[in-house]
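Descriptive structure summary
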Amino acid sequence: RTEITFDDDHAVADAGLALTATLASRLGLEDLIDGTVRLGGRPGAARPGRKVLTLIQSIAVGGDCIDDADVLRSGASQTVLPHRVMAPSTLGTFLRSFTFGHVRQLDRAAGVALRRAWAAGAGPGEEPMTIDLDSTVCEVHGYHKGGATYGYTRQLGYHPLLATRAQTGEVLHARQRTGKAASGRGSVQFLSETVARVRRAGATGELTVRADSGFWSERFISRCKALGVAFSITVRQTSQVKAAIAAIPEDRWAPIDYPAGGEAAVAETTSGEDRLIVRRTRLVGPQAELWPDWRYHAFVTDRAGPAVDLDADHRRHAAMELAIRDLKEGSGLNHAPSGRFFANAAWLVLSCLAHNLLRWVAILGLEIEELVVAKTVRRRFLTLPGRLTRSARRFRLHLPARWPWRDQFTSALHRLRALPLLA
């Protein structure tokens, strides 16, 4: 009973991009990228800022490949954005022109964007900040993905390093690696770059690094100490660690809360000059027949405080998986779009920039300080339909009546427009 035609030149596919576009303008991202990313005489070298912002805005609304950017050219969608929207073919040529040095230039621009967003009010300032380090496998398909190899998960893909801010889920730093790279490969240099970046961005408070056993090494711990960063790192169950755990007296174990059907306790000993905090768990009741013995989980730390509290904080490192999920789930890192390694390395940086843009909209515009799922921001505030009209030389963006989050959207747009222009 309904006739369908695609003929509305005033329709806006993702009208909520007005939020991310406003914030990108206040942070001066287009000029920043134009002045930082210089491809020389390579194809697609002209005006890199508008190409990068086209890809970032596409990823922000759920685009996971280059062709998805074409939705920004439909109807009057690109009128909402302060830059020209580029065609997917142009964007593909642009990404394929990247070399290692160009990826580093783009990464530098991401660091400056972080500094500007924190200066606008999204940063930790003098408050303590926890940095979570981890790696993830970005699975790909096909035999023409440069640098994609099989790693410990037996999946074909890439194995990038990521550093996130525990309190907000922002990606502080990212580094693309081949699929066969070990978890800790390049982690010492990556840690140094991450700490330097957050210090330049304005984080003046105490820093703590949390990581899993893939980062446990003497070199990594020594670098943490040299940088003045507290650490909390899971250890592997080596023979020395097992012997240290076995030597803990029974009366040193302090019970902690555990779900029904199990029990857990925490104790501590030493590993060299550092504290070794151990948590043991086991099942009770009928299920205990499956795993009757204690299972041990240990980590080293130089932090002060009760072992029970430090153990609880170390377990919160798992929250980093939420940021990784947001990067992958229906968004940029869902797959690697190019066959060239450095194009996919640039795509990783762009995905992290889009991820952070959503986080900064939540913090600066929506005033949400705690962790928020990117899908929630995208569904409620970005991917809503609109219609653009013009009267008396002024544009008006008409959004759906009775939209459940209308007031929050309007308030967020006013706050973002009130931010000073940063450069």
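This section reports on the structure supplied with the text. It should be emphasised that the depicted structure is a prediction, and the values quoted were computed from it without experimental measurement. (Residues numbered from 1 in each chain as written. Predicted model: local features only at pLDDT ≥ 70, side-chain atom pairs only at ≥ 80, totals over all residues. Heavy atoms only, no water.)

**Some details on the nonpolar core**
This is how it is decided: The criterion is simple. A nonpolar core is a set of buried Ala, Val, Leu, Ile, Met, Phe, Trp, Tyr and Cys residues joined through side-chain atoms within 4.5 Å. Buried, partly exposed and exposed residues are distinguished by accessible area as a fraction of the type maximum, computed with a 1.4 Å probe on protein chains only: under 20%, between the cut-offs, and over 50%, respectively. The contact definition used throughout considers only heavy atoms, calling two residues in contact when any of these lie within 4.5 Å.
Grouped together as the largest cluster of nonpolar side chains are 118 residues, with contacts concentrated most on Leu95, Trp118, Leu133 and Trp360. Leaving out residues up to four positions away in the same chain, tryptophan 118 has contacts with Gly123, Pro124, Met129, Arg165, Glu170, Leu172, Val198, Ala201, Gly202, Ala203 and Trp360. Listed in part, the seven residues of the second largest apolar core include Ile256, Val266, Ile277 and Ala307.

**Section: the environment of glycine 262**
What counts, and what does not: In this description a helix means any DSSP run of H or I spanning at least four residues, a strand means any run of E spanning at least two, and both kinds are numbered starting from the N terminus.
Take glycine 262: it is sitting in strand β11 (residues 262-271). Spatially, the C-alpha atom of glycine 262 lies 45 Å from that of alanine 412, the residues being 150 residues apart in sequence. In contact with glycine 262, other than residues within four places in its own chain, are Arg282, Leu283 and Val284.

**A look at the sheet that holds strand β15 (residues 394-398)**
Put simply, the rule is: By this definition, two strands are paired if DSSP reports at least two bridges between them.
Strands sit in the order β1-β14-β15 across an open sheet of three strands; the sheet is antiparallel. Looking along the sheet, the strands with just one partner apiece sit at the ends: β1 (11-12) and β15.

**Re the sheet that holds strand β5 (residues 156-158)**
Strand order in the open sheet formed by three strands is β3-β5-β4, and the pairing between neighbours is antiparallel. Each edge of the open sheet is held by one strand with a lone partner, namely β3 (138-139) and β4 (149-150). Relative to β5, β3 runs antiparallel, the two being bridged by two bridges. Bridging from a neighbouring strand, glutamate 139 pairs with glycine 157 of β5.

**Here's the deal with the side chain of serine 187**
For clarity, the threshold we go by: Within 3.5 Å is the distance limit for a polar contact, defined as a pair of N or O atoms, with the added protein rule that one can donate a hydrogen and the other accept it, and that residues adjacent in sequence qualify only through two side-chain atoms.
Structurally, the position occupied by serine 187 is in helix α6 (residues 187-201). The class of serine 187 is buried, set by a relative accessible area of 5%. A distance of 2.8 Å separates a polar atom in the side chain of serine 187 from the backbone oxygen of glycine 184.

**Some words on the state of the cysteines**
Applicable threshold: Cysteine sulfur atoms are paired as a disulfide whenever they fall within 2.5 Å.
Counted under the stated rule, the structure contains zero disulfides. A disulfide-free cysteine, cysteine 138 has its sulfur positioned 9.2 Å from the sulfur of cysteine 352, the nearest such atom. Overall, the relative accessible area of 7% leaves cysteine 138 in the buried class. With relative accessibility at 5%, the residue cysteine 352 sits in the buried group.

**Overview of helix α11 (residues 341-365)**
Put simply, the test is: Helix span, as expected, comes to 1.5 Å for every residue beyond the first.
For α11, which comprises 25 residues, the first-to-last C-alpha distance of 35 Å matches the rise-based estimate of 36 Å (1.5 Å per residue) to within 8%. Of the residues flanking the end of α11, it is glutamate 367, one or two places downstream, whose phi is positive at about 55°.

**Structural notes on the packing of helix α2 (residues 29-36) against helix α5 (residues 100-122)**
Counted only if it meets this: Axis definition: a line fitted to C-alpha atoms, limited for helices to the stretch in contact. Angles are taken between N-to-C directions and run from 0 to 180 degrees. For any helix crossing, the convention is left-handed if the near helix is rotated counterclockwise from the far helix by under a right angle, and right-handed if that rotation is clockwise. In this count, Pro and Cys sit with the nonpolar residues alongside Ala, Val, Leu, Ile, Met, Phe, Trp and Tyr, while Asp, Glu, Lys and Arg are called charged and the others, Gly among them, polar.
Across the interface, α2 lies against α5 with an axial gap of 9 Å and an inter-helix angle of 145°. Along this stretch, α2 crosses α5, giving a crossing that reads as right-handed. Listed contacts from α5 to Leu29, Leu32, Ile33 and Thr36 of α2 are Gln105, Arg108, Ala109, Val112, Ala113 and Arg116. Taken together, the residues of the contact of α2 with α5 break down into six nonpolar, two polar and two charged.

**Digging into the pairing of strand β9 (residues 230-234)**
Burial analysis of β9 places four of its five residues in the buried class, the great majority of the element. As defined by bridge partners, strand β8 (residues 207-211) adjoins β9 across four bridges and the pair is classed as parallel. Note that in β9 the partner of valine 209 across the bridge is phenylalanine 231.

**Some words on the packing of aromatic side chains**
Here is the rule: In this analysis, rings of Phe, Tyr and Trp, with Trp reduced to its six-membered ring, are considered paired at centre separations within 6.5 Å, and the interplanar angle assigns stacked below 30 degrees, edge-to-face beyond 60, and tilted for intermediate values. In this scheme, the term charge over a ring applies when either NZ of a lysine or CZ of an arginine sits within 6 Å of the ring centre and within 35 degrees of the ring normal.
Enumeration according to the criterion identifies seven aromatic pairs in this entry. Judged by centre distance (5.9 Å) and plane angle (55°), the ring pair of tyrosine 158 and phenylalanine 341 falls under tilted. Remark: phenylalanine 341 occurs in helix α11 and tyrosine 158 occurs in strand β5; sequence separation between them is 183 residues. With 6.0 Å between their ring centres and 50° between their planes, tryptophan 253 and tyrosine 296 make a pair best called tilted. Linking tryptophan 253 in the loop between α8 (239-246) and β10 (254-256) with tyrosine 296 in strand β13 (residues 295-301), this pair joins segments that are 43 residues apart in sequence. Grouped by ring-pair contacts, the aromatic residues Phe100, Tyr158, Phe341 and Phe342 constitute a single cluster. Directly above the ring of tryptophan 253 sits arginine 280, whose terminal nitrogen or CZ lies 4.3 Å from the centroid.

**Overview of unusual backbone geometry**
At arginine 154, a position not held by glycine, the phi torsion is positive, near 60°. Relative to the helices and strands, arginine 154 is located in the loop between β4 and β5. Take arginine 154: its relative accessible area is 74%, and that puts it in the exposed class. The phi dihedral of alanine 392 is positive, around 55°, even though this residue is not glycine. Looking at the secondary structure, you find alanine 392 in the loop between β14 (386-391) and β15. We classify alanine 392 as exposed; its relative accessible area is 68%.

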